[in-house]
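Overview (structure and organization)
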Amino acid sequence: MENITSGQEFIPGLISIIVPVYNAEKYLNSCVECVFNQSYKNIELILIDDGSTDNSGDLCDNYALNDHRIQTIHIKNSGPSNARNIGIAKSKGSFIFFLDADDFIEDNALALLMSTHEKHHVDLVIGDFNKINDENVVFAQGNVFPEDKLLTKQGILDYARCYLKKPNRFALFAYSWGRLFKTSIIKKNNLCFDVNLHTFEDVAFNFDYLTYTNEVFFLKEVVYNHLVHNNYASATMNIADNPRKLFGYQKALDHIGNFLAHCNSSANIEKEVGHANVCLTIIQ
């Protein structure tokens, strides 16, 4: 993978939106439209065509031809982690926002995240989200916290321990989308997604990032809409080809343990990580 530090300066106020694209022609137009409907206009959109076999790659090229803020990169199929890493390497913004090609964001999403960052000067801003089905009907909301919440370093540590106790109940750091990351933290510490993980890669990345943060702000207002497909057949077949893909949580838990150790947590890290391992094994 290209060195993500790349020696470049970050453009102040620019948000780099990174979208891995794989066979997403059905959703791509609404995804791109939601980006350019944003009330916050200082953006660049990086579309990573991850070896699509449908018309997605051509659509990405057409978008890039029609708007100078769009960059399309074509790669061999290697999964969303590698695609995001390439997007990070190519990004020029001082902030990074990850968006999945079949999801969409509210028109004021980036403005809300940016204004929250400017008000609280935190290292990570996380917006609430909706889960929607294939008919774009909301069937669940994130409901991480009942109201806006500022987490200090101790609060982040406490939440990490809650996740280890009940990993299916505390989802704040389970996703990489719908949040505003500082590019300087990612690039100066050479953070990247683990390309060997096919599940729980977001958890591993988030806790690597949290190692270098002091405060996180959760914004109760919904900024992101995450599509949960009704048909899981393709995903099931994918896992059936290599059942070990299910066990990404084992390595992700190592990243959480490293985070706790780096923060000099006095908790019994090995015992808490072991408990989470048992819980996630049962869930899987």
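Owing to the predicted nature of the structure, the values given are computational and were not obtained by experimental measurement. (Residues numbered from 1 in each chain as written. Predicted model: local features only at pLDDT ≥ 70, side-chain atom pairs only at ≥ 80, totals over all residues. Heavy atoms only, no water.)

**What about helix α7 (residues 201-210)?**
Among the ten residues that make up α7, ten are buried, leaving the element largely enclosed by the rest of the structure. Those residues of α7 that sit buried are Glu201, Asp202, Val203, Ala204, Phe205, Asn206, Phe207, Asp208, Tyr209 and Leu210. (Buried < 20%, exposed > 50% of the residue type's maximum accessible area, 1.4 Å probe, protein only. Helix = DSSP H or I, 4+ residues; strand = E, 2+ residues; numbered from the N terminus.)

**Describing the pattern of salt bridges**
The final tally for this structure, using the stated rule, is seven salt bridges. Among the ionic pairs, arginine 84 bridges to aspartate 100, the shortest N-O distance being 3.0 Å. Placement of the pair is arginine 84 in helix α3 (residues 80-90) and aspartate 100 in the loop between β4 (93-98) and β5 (104-105), with a sequence separation of 16 residues. Like arginine 84, the residue aspartate 100 is buried in the burial classification. Between lysine 251 and aspartate 194 there is a salt bridge; the shortest N-O distance is 2.8 Å. Note that lysine 251 is positioned in helix α9 (residues 248-262) and aspartate 194 in the loop between α6 (183-188) and α7, a separation of 57 residues in sequence. Residue classification places lysine 251 among the partly exposed positions, given a relative accessible area of 36%. Within this structure, Arg84, Asp100 and Asp202 form a network of salt bridges that share partners. (Salt bridge = Lys/Arg side-chain N within 4 Å of Asp/Glu carboxyl O.)

**Structural notes on the nonpolar core**
Core analysis: the largest hydrophobic core is formed by 44 residues, its most contacted members being Leu172, Phe173 and Phe259. Dropping the residues within four chain positions of it, phenylalanine 259 is found in contact with Lys153, Ile156, Leu157, Ala160, Phe207, Leu210 and Thr211. Listed in part, the 38 residues of the second largest apolar core include Ile17, Leu45, Leu99 and Val223. (Core = buried A, V, L, I, M, F, W, Y, C linked by side-chain atoms within 4.5 Å. Contact = heavy atoms within 4.5 Å.)

**A few points about helix α2 (residues 56-66)**
Of all the residues in α2, the buried ones are Ser56, Gly57, Cys60 and Tyr63. The arc enclosing the buried residues of α2, seen along the axis, measures out at 120°, which places them on a common side. Among the exposed residues of α2, those oriented more than 90 degrees off its buried face are Leu65 and Asn66. On its buried face, α2 is in contact with β1 (11-21), α1 (25-36), β2 (43-50) and β3 (70-75). (Arc of directions from axis to C-beta.)

**Considering the confidence of the model for the protein**
As a note on interpretation, predicted positions should not be read in detail where pLDDT is low. On average, residues of the protein score 89 in pLDDT, and 87% of them are at 70 or above. In the predicted structure, residues 232-237 sits below a pLDDT of 50 and forms zero contacts with residues beyond four places in sequence or in another chain. (pLDDT = per-residue confidence, 0-100.)

**Describing the packing of aromatic side chains**
Per the counting criterion, the structure on display carries 18 aromatic pairs. Note on tyrosine 159 and phenylalanine 170: the rings are 5.5 Å apart at their centroids and 85° apart in plane angle, and the pair reads as edge-to-face. Placement of tyrosine 159 in helix α5 (residues 153-165) and of phenylalanine 170 in the loop between α5 and β9 (179-182) is noted, with a sequence separation of eleven residues between them. Take tyrosine 159: its relative accessible area is 6%, and that puts it in the buried class. For phenylalanine 170, a relative accessible area of 25% puts it in the partly exposed group. Ring centres 4.4 Å apart and planes at 20° place the aromatic pair tyrosine 175 and tryptophan 177 in the stacked group. For the pair tyrosine 175 and tryptophan 177, one class covers both residues: buried. One aromatic cluster is present, formed by Phe145, Tyr159, Tyr163, Phe170, Phe173, Phe207, Phe218 and Phe259 through successive ring pairs. The lysine or arginine in question, arginine 84, covers the ring of phenylalanine 98, its NZ or CZ lying 5.9 Å from the ring centre. Over the face of the ring belonging to phenylalanine 193 we find arginine 84, whose NZ or CZ atom lies 5.2 Å from the ring centre. (Phe/Tyr/Trp six-rings, centres within 6.5 Å; stacked < 30°, edge-to-face > 60°. Lys NZ or Arg CZ within 6 Å of the ring centre and 35° of its normal.)

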